[in-house]
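A structural walkthrough
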2 protein chains.
Amino acid sequence: MIRVGVNGYHTIGARLADAVKKQPDMRLIGVSKMQPDYRARIAAEKEIDVYAANEKSLESFRNVKMTAKGMLTDLLQKVDVIVDATPDEVGASNKPIYEGAGVKGIFQGGEEHSLTNFSFVAQCNYGEAANKRFVRVVSCNTTALCRALHALERASGIEKARAVLVRRGADPDEVGKGPIDAVVLDPPTVPSHHAADVRSVMKGLNIVTMAVKVPETHMHLHTLLVTLKKKASREVVVDALESEPRVVLVDSKTGVKSTAALIDMAREMGRPRNDIYEAVVWRDSVSVSDNEVYFFLAVHQEAIVIPENIDAIRAVSGGYTEAQSMKVTDDSLSISPGAWKT
Amino acid sequence: MIRVGVNGYHTIGARLADAVKKQPDMRLIGVSKMQPDYRARIAAEKEIDVYAANEKSLESFRNVKMTAKGMLTDLLQKVDVIVDATPDEVGASNKPIYEGAGVKGIFQGGEEHSLTNFSFVAQCNYGEAANKRFVRVVSCNTTALCRALHALERASGIEKARAVLVRRGADPDEVGKGPIDAVVLDPPTVPSHHAADVRSVMKGLNIVTMAVKVPETHMHLHTLLVTLKKKASREVVVDALESEPRVVLVDSKTGVKSTAALIDMAREMGRPRNDIYEAVVWRDSVSVSDNEVYFFLAVHQEAIVIPENIDAIRAVSGGYTEAQSMKVTDDSLSISPGAWKT
């Protein structure tokens, strides 16, 4: 059994803790949290051991009469792998603590590639993570791009990839963020950082990305414009996307014409927290002309990296092939293309 | 003097009536309106003659004790050119009325190209409008695309143009429209209608467009990805955009990082109704690699077609060259690249 700890218990950490509990080969030892907020209480109700991040945090727990199981440093003594789900760039400052404790660590895409010098997407480079001590799971947007582009690369080779990212302005609970009534250039310069981030996984890929931010919380929406190395029929492209792990195809004719409809589908399907772990491609958007391919892709920013984190834990721990690990993960999270038949 | 009437007095009609009044060679005879709402009252206060659209409409005016100057049919007796600013596809049903009255007519981009078989963007095809009886001014998005692409075509020829349109969900006063929290595929299939619409002006252009709709009211935002026929330096591309009529460049480093900031700039500049008649390109987004060009472009959906409508009135009336007409229009509306020095 891989003993796992989760440091940070918000959007990603909370989801990850639940996912770890579902793995037959993992044991969730506990989670570490800064504030004794409603998430901490709900974790405790779920019989998850909650640790305070530090002395000050421990004091905050005491002030509201919540009992922390100890501090992060105590948690680290009991785990093989810690997953860092703290806010962007806090992870970097935690790395020395993990090193000192002698544990392996998984970081999120908010950290720089240089923190671990290895960025991870399961179906692209699982094998390379073997025996790595620290691994960075790439961001939600990069994860989705890598999955979809991996399919096209397999099918016909990618001459060049262009993507326009329409990013959600905030997560549903982030009431202090905007924009409220604007399209924000994010950033105003070209390319956005996503291109280099994809290349940190798919080495040498010719890719340019441009990103804007808009006032909505229901998923990111990517527009892909890809030139293939060799001509392919639309059927070949659709088949490649359909057979790619963790990519699902939906059809707008069934009423799914927006990101909000996808989230509603996930609720109807009974997905926990309406989570969509898959990159979602609109089948009827897939358009092929000579060697150019176009399609729309939706990314659930709160959930898509959860299976990647689980696989990363296994990859650094050894004992599973890519296919074995992904199958265990997908089975545990009910990830199957069949679930999305529309 | 060209005697002009405006049928429909909402977003476009109200702006157009004001713009016509500013032309030295035009006289606004009156506007025709369906409802005696606050816009009708404000028009009357501005001493614009307001006509009722039909008998039923005349009755509505009487009911609120507003005096209409007559009906649309009366207005048509007194004008040389009628501009149809009624809602999408209502224009088509008005065409026989205009034909019966023997007036020339300008329609908006909400109508089909086939209604007039001639779609108009001043700097692209002013000359071809001479002696046409009916002309269609293309939509806001198509107008902006044509202006920007016309600049690139002049500079280096366009091999192919790709554009992703992030459309405003509604105008600021349209409280009944959405979306509120979603990115909507508009449409889910590729290409969107904008590609064919651009080709109705720029014949034979290799263009693919994809569009989504988002919850904001402050302008459309286009992402352009254009392959030039021959390589060009970034300087050549920026110069081409800068020297193109009705295209202005702004720099995000001055704080303009969103469509909302542009509208705020227009307010600070004292533009009536915060109107932006120009297609706005972010100078620092212009990126050139080999013969590929990328940039962000913003489009004020309520205002950008106003100068085009004025030029269209002149084009069908004769007596002006393209350059002459555009200069008179631009001077009257304070359109000058200098206004936007940032």
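Calculation rules
- Residues numbered from 1 in each chain as written.
- Chains lettered and ligands numbered in written order.
- Predicted model: local features only at pLDDT ≥ 70, side-chain atom pairs only at ≥ 80, totals over all residues.
- Heavy atoms only, no water.
- Phe/Tyr/Trp six-rings, centres within 6.5 Å; stacked < 30°, edge-to-face > 60°.
- Buried < 20%, exposed > 50% of the residue type's maximum accessible area, 1.4 Å probe, protein only.
- Lys NZ or Arg CZ within 6 Å of the ring centre and 35° of its normal.
- Pairing = 2+ DSSP bridges.
- Helix = DSSP H or I, 4+ residues; strand = E, 2+ residues; numbered from the N terminus.
- Contact = heavy atoms within 4.5 Å.
- Axes fitted to C-alpha atoms, helices over the stretch in contact; angles between N-to-C directions.
- Buried area = accessible area lost by both parts, 1.4 Å probe.
- Salt bridge = Lys/Arg side-chain N within 4 Å of Asp/Glu carboxyl O.
- Domains from an automatic or database assignment.
- Polar contact = N/O pair within 3.5 Å; in protein donor to acceptor, adjacent residues only side chain to side chain.
- Nonpolar A, V, L, I, M, F, W, Y, C, P; charged D, E, K, R; others polar.
- pLDDT = per-residue confidence, 0-100.
- Least-squares fit on C-alpha atoms with pLDDT ≥ 70 in both.

**Overview of the packing of aromatic side chains**
For any pair of aromatic rings, the description rests on two quantities: the centre-to-centre distance and the angle between the ring planes. Scanning the entire structure with this criterion turns up six aromatic pairs over all chains. Where A:Tyr98 meets A:Phe107, the ring centres are 5.8 Å apart and the plane angle is 35°; that geometry is what we call tilted. Across the pair, A:Phe107 and A:Tyr98 agree in class, each one buried. Between B:Phe120 and B:Tyr126 the ring centres are 6.2 Å apart and the planes differ by 55°, which places this aromatic pair in the tilted class. A single burial state applies to B:Phe120 and to B:Tyr126, both of which are buried. What links up through ring pairs into an aromatic cluster is the set A:Tyr98, A:Phe107 and A:Phe134. In this structure, A:Lys132 is placed above the aromatic ring of A:Phe118, and the distance from its NZ or CZ to the ring centre is 5.0 Å. Across the ring face of B:Tyr320, the terminal group of B:Arg314 is positioned such that the distance to the ring centre comes to 5.2 Å.

**Overview of the sheet that holds strand β4 (residues 81–84) of chain B**
Residue and element names in this part refer to chain B. Taken together, seven strands build an open sheet; the order of strands is β3-β2-β1-β4-β5-β7-β6 and the sheet is parallel. Looking at strand neighbours, the two that pair on one side only are β3 (50–52) and β6 (119–120), the edges of this open sheet. In this fold helix α3 (residues 55–63) packs onto β2 (26–33) and β3, with an angle of close to 120° to the strand it touches most, β3.

**What about the interface of chain A and chain B?**
In this assembly, 40 residues from chain A lie in contact with 40 residues from chain B. At the boundary of chain A with chain B, total buried surface from both sides reaches about 3300 Å², with 68% on carbon and sulfur atoms. Run the count over chain A and chain B and you get four salt bridges. B:Arg162 is paired through a salt bridge with A:Glu292; the nearest N and O atoms lie 3.0 Å apart.

**Digging into the domain arrangement of chain A**
Residues and elements named next belong to chain A. You can read the domains of chain A as domain 1 (2–138 + 305–332) and domain 2 (140–304). Of note, the centres of domain 1 and domain 2, computed from C-alpha atoms alone, are 26 Å apart. In this complex, domain 1 contributes 27 residues to the contact, which on the side of domain 2 involves 23 residues. For the pair domain 1 and domain 2, the summed buried surface comes to about 1900 Å²; carbon and sulfur atoms form 48% of the total. The largest share of the area that domain 1 buries against domain 2 comes from Arg15, Gln123 and Val138, three residues that together contribute 31% of it. At the boundary of domain 1 and domain 2, one finds nine salt bridges. Its salt-bridge partner being Arg136, residue Asp197 comes within 2.8 Å of it at the nearest N-O pair. Applying the counting criterion to the domain 1 and domain 2 interface returns 18 residue pairs in polar contact (both at pLDDT 80 or more). A per-element tally of the side of domain 1 that touches domain 2 places helix α1 (residues 11–21) first, with five residues. Tallied by class, the residues present in the side of domain 1 that touches domain 2 amount to eleven nonpolar, seven polar and nine charged.

**So, the confidence of the model for chain A**
Taken as a whole, chain A shows an average pLDDT of 97; of its residues, 100% reach a score of 70 or greater. Taken over the whole predicted complex, pTM reads 0.95, whereas the ipTM for its chain interfaces reads 0.93.

**Regarding the relation of the copies chain A and chain B**
Once chain A is rotated about the relating axis by 180° and shifted along it by 0.0 Å, it coincides with chain B to within an RMSD of 0.0 Å. This pairing of chains is accounted for by a two-fold axis. Distance from the rotation axis, computed per C-alpha, reaches its smallest value in chain A at A:Pro215: 2.9 Å. An overlap of 100% is found between the interface residues of chain A and their copies at the interface of chain B, pointing to a shared contact surface.

**Side note on the pattern of salt bridges**
Residue and element names in this part refer to chain A. Applying the stated criterion to the full structure yields 55 salt bridges over all chains. Put simply, Arg15 and Asp275 hold a salt bridge, and the shortest N to O gap is 2.9 Å. Residue Arg15 is found in helix α1, and its partner Asp275 is found in the loop between α10 (259–268) and β13 (279–282); the two are separated by 260 residues along the sequence. A residue is classified by how much of its surface remains accessible, and Arg15, at 9% relative accessible area, is buried. Since its relative accessible area comes to 2%, Asp275 is described here as buried. Each of Asp25, Arg147, Arg246, Glu308, Asp311, Arg314 and Asp330 takes part in a single network of salt bridges with overlapping partners.

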